[in-house]
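Here is how the chains run, residue by residue.
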Amino acid sequence: MNKIGIAFVLFLVYSGLNAGTFEVLADEDSPIVGGFEKKDEKKAWRDPKVKKLIKFGLEEVHKRDNQHLKLFAIKLISYETQVVAGTNHRFVLDCRLPKSKRMFHVTIVVYERCWENHIELLHYEIAEYMY
């Protein structure tokens, strides 16, 4: 056996012996592959694209849930994205009804395929604040 062959066999044996000793270290703040990644809410709140997605999501909630429940976003609590075959945008919002002090905590997930100009509401949850 030549020197390269011996070195390769030794490498394989060494790798096999130490296979369980290596650990993948991930930063605590790094996103999970395939999971949702947190975004800066303050920066997102000023982004016209984000505003368009929030407006679309709330209009779809209005169509699906109750024709009398027309919610307006007043504060973005959290914003996360998930890359799939497109992008899932998850928004947690404080909303209110027009001409009312009733407040709602709303979560919406809007799916977007920007290259096809496709947007749809995947999920929503509404909870009324109790005073």
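Residues numbered from 1 in each chain as written. Predicted model: local features only at pLDDT ≥ 70, side-chain atom pairs only at ≥ 80, totals over all residues. Heavy atoms only, no water.

With that settled, the discussion passes to the overall build of the protein chain. Across its full length, the protein chain holds three helices and five strands. Secondary structure of the protein chain in N-to-C order comes out as α-β-α-α-β-β-β-β. Counting over 131 residues, the protein chain shows a buried share of 30%. For the protein chain, contacts bridging at least 24 residues in sequence account for 49% of all contacts bridging at least 6. When the accessible surface of the protein chain is summed, it comes to about 9,700 Å², and 58% of that surface belongs to carbon and sulfur atoms. (Helix = DSSP H or I, 4+ residues; strand = E, 2+ residues; numbered from the N terminus. Buried < 20%, exposed > 50% of the residue type's maximum accessible area, 1.4 Å probe, protein only. Contact = heavy atoms within 4.5 Å. Areas by Shrake-Rupley, 256 points an atom, 1.4 Å probe, with all protein chains shown as cover.)

A word on the pattern of salt bridges. The full count for this structure, using the stated rule, is eight salt bridges. With its nearest N and O atoms 2.4 Å apart, the salt bridge here joins Lys38 to Glu41. The exposure class assigned to Lys38 is exposed, which follows from its relative accessible area of 52%. Owing to a relative accessible area of 18%, Glu41 belongs among the buried residues under this scheme. (Salt bridge = Lys/Arg side-chain N within 4 Å of Asp/Glu carboxyl O.)

On to the packing of aromatic side chains, then. A complete count under the given rule lists one aromatic pair for this structure. Relative to Phe91, the ring of Tyr79 lies with its centre 4.8 Å away and its plane at 0 degrees, an arrangement referred to as stacked. One end of the pair, Tyr79, is in strand β2 (residues 72–84); the other, Phe91, is in strand β3 (residues 86–96), with 12 residues separating them in the sequence. Side by side, Tyr79 and Phe91 carry an identical accessibility label, which is buried. Sitting over the ring of Phe36, Arg90 keeps its end group 3.7 Å from the ring centre. (Phe/Tyr/Trp six-rings, centres within 6.5 Å; stacked < 30°, edge-to-face > 60°. Lys NZ or Arg CZ within 6 Å of the ring centre and 35° of its normal.)

Okay, the sheet that holds strand β5 (residues 118–128) next. Across the sheet, five strands lie side by side as β1-β2-β3-β4-β5; this open sheet has antiparallel pairing. Because the sheet does not close on itself, it has two edges, and the strands there are β1 (37–39) and β5. Neighbour-to-neighbour, the strand axes of the sheet open up by a mean angle of 20 degrees, direction not taken into account. Two strands pair when backbone bridges link them, and β2 and β3 are joined in this way by 11 bridges, in the antiparallel orientation. Note on β3: the bridge partner recorded for Thr81 is His89. (Pairing = 2+ DSSP bridges. Axes fitted to C-alpha atoms, helices over the stretch in contact; angles between N-to-C directions.)

For Lys99, which is not glycine, the phi dihedral falls at a positive 55 degrees. Locating Lys99 in the fold gives a position in the loop between β3 and β4 (103–113). Look at Lys99 and you get exposed, because its relative accessible area is 87%. Even without being glycine, Asn117 reaches a positive phi, approximately 55 degrees. With respect to the element layout, Asn117 can be found in the loop between β4 and β5.

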